[in-house]
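Architecture at a glance
One letter stands for each residue in the lines below.
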Amino acid sequence: MKLLLDENLPKKLKLDYFEHEIYTVREKGWNGIKNGLLLQLLTEQGFDALLTFDKNLQYQQNFRKYTITVFVMSAPINSYSVLTKLTPKIKEYLNCSILPIGPIIIEDTLA
C-alpha cells in the first residue's frame, strides 16, 4: 500500500509501516497544502491512504469527490508513544484487499 503521513503526525510513525510504501508530507514537498488539494494529489499519485490527526477533515471534505481512505487517528495527544498504539488497528485495514473510501476513525478503546 502507498501511504502518506500528514504533517500533524510524528515522522517516527513511519517506522510502524515499514512494509508499505510510506511518505511524509515533508518528503513529498507538500507542506502547508490545504486538505482538498492534498486529497486530490494523493488520488492523482496513486496513494491508497492518508494517516492524519486532523479530526475536522472528515467534515470538511466531500469523499465522493476524493476516492481515498483517510485514517483519522484519535488520541489525547499526537505523540509517537500514544499514536503507535493505534498502528495495529490501522494494519488490520491495510491487510484487507480493498480499503473503504473516506474517513475511518481509529481510536484506542482502552484509553
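The structure displayed is predicted, hence computed values, not measured ones.

Basis of the calculations
- Residues numbered from 1 in each chain as written.
- Predicted model: local features only at pLDDT ≥ 70, side-chain atom pairs only at ≥ 80, totals over all residues.
- Heavy atoms only, no water.
- Core = buried A, V, L, I, M, F, W, Y, C linked by side-chain atoms within 4.5 Å.
- Buried < 20%, exposed > 50% of the residue type's maximum accessible area, 1.4 Å probe, protein only.
- Helix = DSSP H or I, 4+ residues; strand = E, 2+ residues; numbered from the N terminus.
- Contact = heavy atoms within 4.5 Å.
- Phe/Tyr/Trp six-rings, centres within 6.5 Å; stacked < 30°, edge-to-face > 60°.
- Lys NZ or Arg CZ within 6 Å of the ring centre and 35° of its normal.
- Salt bridge = Lys/Arg side-chain N within 4 Å of Asp/Glu carboxyl O.
- Pairing = 2+ DSSP bridges.

**Points about the nonpolar core**
- Counting 19 residues, the largest nonpolar core has Leu 9, Tyr 17, Leu 51, Phe 71, Met 73, Leu 83 and Ile 90 as the members making the most contacts within it.
- For this core, the elements supplying multiple residues, two or more each, are strand E1 (2–5), strand E3 (49–52), strand E4 (69–74), helix H5 (87–94) and strand E5 (102–107).
- Not counting the four nearest positions on each side in its chain, Leu 51 is found in contact with Leu 3, Leu 4, Leu 5, Asp 6, Leu 9, Tyr 17, Phe 71, Met 73 and Ile 90.

**Here's the deal with the packing of aromatic side chains**
- In total, this model carries 3 aromatic pairs according to the counting rule given.
- Cluster of aromatic residues (ring-pair linked, three or more members): Tyr 23, Trp 30 and Phe 47.
- Its end group placed over the ring of Phe 47, Lys 2 keeps NZ or CZ at 4.6 Å from the ring centre.
- Geometry around Tyr 17 places Lys 91 over its ring, the cationic atom sitting 5.9 Å from the centre.

**Concerning the pattern of salt bridges**
- Counting across every chain of the model gives 2 salt bridges.
- Its salt-bridge partner being Glu 27, residue Lys 14 comes within 2.6 Å of it at the nearest N-O pair. Residue Lys 14 is found in the loop between E1 and strand E2 (21–24), and its partner Glu 27 is found in helix H1 (residues 25–28); the two are separated by 13 residues along the sequence.
- A salt bridge links Glu 19 to Lys 91; the shortest N-O distance between them is 3.0 Å. Taken together, the positions of Glu 19 in the loop between E1 and E2 and Lys 91 in helix H5 put the pair 72 residues apart, joining distant regions of the chain.
- Here Glu 19 falls in the partly exposed class, since its relative accessible area comes to 41%.

**Observations regarding the pairing of E2**
- What you see with E2 is a clean split: Ile 22 and Thr 24 sit on the buried side and Glu 21 and Tyr 23 on the side with no burial.
- Sheet topology note: the E1/E2 ladder contains 4 bridges and is parallel. Looking across to E2, one finds that Leu 4 is bridged to Tyr 23.

Geometry only, nothing functional implied.
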